[in-house]
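# Coordinates in review
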Amino acid sequence: MDKTWVNSKETSSPDYIEGILNFVNFTFEKSAKAGKILCPCRKCANLIWCSKEEVVDHLVEKGFLKNYNWTSHEKDSAVVNSSENRNEEDIAFNHDMRGLLQDAFAGVNMEDSIPNEVVDSFNSGREGSNQEPSMSENDMGGFFNLLKDAGQKLYPNCEENKLAAVVHLFHLKCLNGWSNKSFTQLLEYLSFLLPEGNVLPKSYSETKKIIRSLGLSYEKIHACPNDCMLFWKDKANDDFCSECGASRWIVNTNIEEDSIDCTMKKKKPKAAKILRWFPLIPRLQRLYMSSKTASLMRWHDEERTKDGLIRHPADSLAWKHFDEKYPDFAADPRNLRLGLASDGFNPFKSMNVTYSTWPVILIPYNLPPWLCMKQPNFILSLLIPGPKSPGNKIDIYMQPLIEELQQLWDTGIETFDASKGERFQLRAALLWTINDSPARAMLSGWSTRGEKACPCCGYNTESMWLYHSRKYCYMGHRRWLDRRHRYRHDKKSFDGNKELRMPPGRISGSEILSHADDVNIVEGESSQPLKKISIFFTLPYWQHNLLPHNVDMMHTEKNVFDNTYGTITDQDGKTKDNYKARCDLQDMGLRADLHPKPGSSNNSKLLPKACYQMTAKEKDAFFKVLKDIKLPDEYSCNISRCVQVKQRKIIGLKSYDCHILMEELLPVAIRGSLPKRVASIIIELCHLFKCLCAKVFKESDLDELKSQSAIILCEMEKIFPPSFFTVMVHLIMHLVEEVKLGGPVAYRWMYPIERFLLTLKNYVSNKAHPEGSIAEAYLSNECLTFCSRYLEGVETRFNRPLRNDDEDDREHFNEVEENLITPLGRPLGRAQIPMAVNLKKRKRVRRIKLDSQSLLQAHRYILFNTHEVTPFIEQHKDFLKKQHRSPRLSQFEIERRHSLTFHEWFRDRVTRMEQQGYVISEKIKWLSKGPSDVALTYSGYLASKAFYIEDAREKDWQVVKHVKVRGAFDLGEVIPIREDEVGGIDMASTWVRRDTEEEGIIVTLDMEVQNYDDEEIDD
């Protein structure tokens, strides 16, 4: 083909146009993919896929890339990534380096000066990209270096390029936690093994220079050692704080003052405090620049089921109110809604060292439920240094972030959307914060201690000072009862007064701003609950947010459990019932039967036993139940190890252990240890917390829950002493309201944040500079998280196998077993999933012959829990009723005889139906004959979906508890679950998603979505 016309300066000449048409026809015939080729114009630079018409227009308008040759276009197929040339059966490491670079730099503006061979070696053929070029000159050098690495073979005649090899190796380092030294040693040995001429980096530092170009950066901002100001902007060059006069540098006190200046000149000074700021805007832009995540950022608007149920923060009143208040913001679903979380942690993993580092984390709520609360999608924005908590001065460190949020709200930032191939103005808004009580007080400015400690009731908080206990109690929950409720007029059981007041309204941002004049900024001198006006109020929309600060469910539940457990078991230092509490009751004139009475000696006092206190025998029974529990692996810690039966106490509990105890174990353990009146109200409290942790709500159900929470707290006021009612107990009253305002608690509690803090803590490798270690490790992991989206065929953060993968392998089941058997775990000693391993390879396995009673129990269990047998069960019950009409049997007797005789009647019934010519399924025939009397027994079993608790009240009975799976979400009507997928369990049609992968897979989990009732079965 003649190519002389390519260099013609007259792009409108007939020869040039004819040459373009011939070139385009030839190229589309030879190398088109999905009707597109890589456009070789000066703007697209052989990087962007375009249609035939677009290529012609671009070449006529802009001309060919300088020194362009179309070697790759003349071939039958374009050069693709080296891993794509391999046989699919041989692929172990697949990658999309071209897509990685194109998304990372959003379609670089290629200039004529770029060497054509570099571009051609890189343009391997990624289909469907329409990105428009835009990149600053500062990043251009890094992109060109990466482009060269992507086109450079690892060694002569190697199929892999240098960039892919470096990304894979660095990904392994971060995923498996290799040290820098071990990684350097590995690179040195690999370089020795590879052929001569290999270009593999020789050290960790060389590798980091290559990888750093793919990631984002952070900035260091010096701060006053007394937290007064930041040395940035117009004060960036100051040496002393303008507020307190402290030096920004670390000064050696052993050096005389006259020699300080000389010392600083000789040696570069070190800053006393360094704030590390990870700019938010480029990290938000990357979510849209990446083709892997761009479309997911619109999930809340395009794919969320909108049926009136509350499943996601987008279903909440706060989100909807924000959209109504700012319709221009809500018009584009790509605009981001963010949550902010912060908490302090000790980076040294030692309680002997007092040190507190405070990260500030942002959560993008546009993402689907199975992604938005995962660590790879958390954005670390600020890292506030220790050694002390910043307290109310945290606003000083929040300035860079607030400035970015202000910019994102006012003007937005131009961003490329890879999913739509267009640019748009990205805006973002902060919906709320997620913190424990101390951090909430720091961020909001509202004190969580003292007379008005409730951050929801605000100035209408009802509190009472207990003279003997020397603290405030927060009662008065009758205000939330229905107007006609009898407790409102019950003087004797409560505080001796009628309660006719209405419930207080939630304090708003406008009300807080109206009290700005009452704020005294000097710490410790103000008795007002409002200690400062938060920096968040500089955001124009903040005062209109319905839920600016969340009540953390995790810490509330833990504190309520501690109060309850400590009081009913009378734990020293934890019980809220002591001599001082009884004296407070006496002063209030309540419950005379509990007032202190004179003891046997003159100076002693006798405290009468309260109904909520356990005797020694009852404590033994209570702790024995907890000691004997065997929980599923990965469900919680081994709580039985924490239980000390002889000492009658539990030690070493974490927050999540308290969560499991409160919602699952405590209701069963107290059944035989407390009077019914006390046990029932504690069980109702536990059930309330369990309902609040659901992932789907109806607004009508929330109204009922709010009414129940008021009744429960009033019942507890009648039982427990006033000292029991700390502000954390009072906050139960606001949890239901916040679910309605903010959505399910799974998106607003601290559990994911605390796990992320543990990850940051594990980043500390240099204890002399903990924040520096965290910052550098976070950047590396952030970069590799982005890169791992473009790796296939390897284990990444998004496809790591579950610790306990109990999904059965259907290849090893026959048709009947596939529909019937749903394993609840796996036996110890197996190498893979249940029933998918050769039995000869299993350890600690032996065959046994079942006795007749065990065989009968197994047969009954299968029959009574199989959906296809339900019609036969109804027929048998009708048969029993007709057979015993006079005298008529009671329902209990019918159930008893049905349980004893159904298996025999069912076998005979199926046999007769076969003889009469009815069509019977193989499953029914198999079920009627019963199981084999030979079974396999193992030394242990890791249950994952259910566990059993011995009932302390009903001996020889056990309570069955179904395990709630954390990663399951009800998405509404997405994909229906077939009846045979639920193992024969009769349940309503529902749809759930489990986040074992980035995209999620469909699973069937009855406990998570529907079945919250406990069952009792015969032992």
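### Description of a nonpolar patch on the surface
Residues Ile-17, Leu-21 and Val-60 make up a contiguous nonpolar surface patch of roughly 200 Å² in combined accessible area. Among the structural elements, Ile-17 can be located in helix H1 (residues 14–31).

### Side note on the packing of aromatic side chains
Note on aromatic pairs: each is described by the distance of the centres and the angle between the planes. On inspection of all chains with the given rule, the structure shows 36 aromatic pairs. Ring centres 5.6 Å apart and planes at 85° place the aromatic pair Phe-378 and Phe-756 in the edge-to-face group. Here the residue Phe-378 occupies a position in the loop between helix H15 (369–372) and strand S9 (379–384), and Phe-756 occupies one in helix H28 (residues 751–762), the gap between them amounting to 378 residues. Here Phe-378 and Phe-756 have matching classes, each one buried. Ring plane angle 20° and centroid distance 5.6 Å describe the contact between Phe-902 and Phe-906, whose orientation is recorded as stacked. Here Phe-902 pairs with Phe-906, and both are found in helix H33 (residues 891–915), just four residues apart, close to one helical turn. Just as Phe-902 is buried, Phe-906 falls in that class too. Taken together, the ring pairs in this structure connect Phe-322, Tyr-326, Phe-329, Trp-409 and Tyr-541 into an aromatic cluster.

### With respect to the packing of helix H7 (residues 162–176) against helix H8 (residues 180–193)
Between H7 and H8, the shortest axis-to-axis distance is 11 Å and the interhelical angle comes to 150°. Taken together, the axes of H7 and H8 are roughly antiparallel relative to one another. Taken as a pair, H7 and H8 cross one another with a handedness that is right-handed. Along the contact surface, H7 presents Leu-169, Phe-170 and Lys-173, while H8 presents Asn-180, Phe-183, Leu-187 and Leu-190. Here the contact of H7 with H8 is built from residues that sort into five nonpolar, one polar and one charged.

### A word on the confidence of the model for the chain
Looking at the chain, pLDDT values average 81 and 80% of them are 70 or higher. Looking at the elements of the chain, mean pLDDT is at its lowest for helix H35 (residues 1006–1009), recorded as 29, and at its highest for strand S8 (residues 358–364), recorded as 97. Segment residues 74–91 is flagged for pLDDT under 50; beyond a separation of four residues in sequence, or across chains, it makes 37 contacts in the model. Across residues 974–1019, where pLDDT falls below 50, the model places 114 contacts with residues more than four positions away in sequence or in other chains.

### Points about the side chain of Asp-577
Here Asp-577 shows up in the loop between helix H19 (553–568) and helix H20 (579–588). One polar contact links Asp-577 to Arg-582, side chain to side chain, over a distance of 2.8 Å. In this structure, Asp-577 is in contact with Thr-567, Asp-570, Arg-582, Ala-610, Tyr-612, Gln-613 and Pro-721, ignoring residues within four places of it in sequence.

### Some remarks on helix H32 (residues 870–883)
Helix length check: H32, at 14 residues, gives a terminal C-alpha distance of 20 Å against a target of 20 Å (1.5 Å per residue), a fit within 8%. Listed in full, the buried residues belonging to H32 are Phe-872, Ile-873, His-876, Lys-877 and Leu-880. Looking straight down H32, one finds that the buried residues subtend no more than 140° of arc, so they occupy a single side. Of the surrounding elements, those touching the buried residues of H32 are helix H31 (852–864), H33 and helix H34 (922–929).

### Comments concerning the sheet that holds strand S6 (residues 274–277)
One open sheet holds the seven strands; their spatial order is S5-S4-S6-S9-S8-S7-S12, and the pairing between them is mixed. Since the sheet does not close on itself, it has two edges, and those belong to strand S5 (230–231) and strand S12 (428–434), each with one partner. Across five bridges, the pairing between strand S7 (residues 336–342) and S8 is antiparallel. The partner of Ser-342 across the bridge, within S8, is Val-360. Of the strands in this sheet, S7, S8, S9 and S12 touch helix H11 (residues 280–289), which is tilted by about 130° from S7.

Reading guide: rules and limits
- All residue numbers refer to position in the chain's written sequence, counted from 1.
- Thresholds applied to this predicted model are a pLDDT of at least 70 for local features of residues and 80 or more for the giving and counting of side-chain atom pairs; totals over whole chains, interfaces and linings are not thresholded and use all residues.
- Side-chain calculation: all heavy atoms of the structure are included, whereas hydrogens and water are not.
- A patch consists of residues exposed above 30% relative accessible area that lack any salt bridge, with like charges linked at up to 9 Å and nonpolar side chains (Val, Leu, Ile, Met, Phe, Trp, Tyr) linked at up to 5 Å.
- In this description, accessible areas are obtained by the Shrake-Rupley approach with a 1.4 Å probe, and a residue is regarded as covered only by the protein chains that are shown.
- Only one rule defines a salt bridge in this text: a Lys or Arg side-chain nitrogen within 4 Å of an Asp or Glu carboxyl oxygen.
- Comment: elements are numbered from the N terminus, with helices defined as DSSP H or I runs of at least four residues and strands as E runs of at least two.
- In this scheme Phe, Tyr and Trp rings, the latter by its six-membered ring, pair at centre separations within 6.5 Å, and the angle between planes marks the pair as stacked below 30 degrees, edge-to-face above 60, and tilted otherwise.
- For every residue, the accessible area (1.4 Å probe, protein chains only) is compared with the maximum for its type, and the residue is labelled buried under 20%, exposed over 50%, or partly exposed between those bounds.
- Note on geometry: axes are C-alpha line fits, over the in-contact stretch for helices, and angles between N-to-C directions span 0 to 180 degrees.
- Each angle receives one of four descriptions, namely roughly parallel if under 35 degrees, roughly antiparallel if over 145, roughly perpendicular if within 65 to 115, and oblique otherwise.
- Helix crossings fall into two classes, left-handed where the near helix is turned counterclockwise from the far one by less than a right angle and right-handed where it is turned clockwise.
- Should any heavy atoms of two residues lie within 4.5 Å, those residues are considered in contact.
- In this classification, the charged set is Asp, Glu, Lys and Arg, the nonpolar set is Ala, Val, Leu, Ile, Met, Phe, Trp, Tyr, Cys and Pro, and all remaining amino acids, among them Gly, are polar.
- Summary of the metric used: pLDDT quantifies the predictor's per-residue confidence within the range 0 to 100.
- Polar contact is the term for a pair of N or O atoms within 3.5 Å; when the atoms are in protein, one must be able to donate a hydrogen and the other to accept it, and sequence-neighboring residues count only if both atoms are side-chain atoms.
- Expected span, for any helix, means 1.5 Å times one less than how many residues it has.
- Throughout, the arc means the angular range of directions from the helix axis out to the C-beta atoms.
- For two strands to count as paired, DSSP must find a minimum of two bridges between them.

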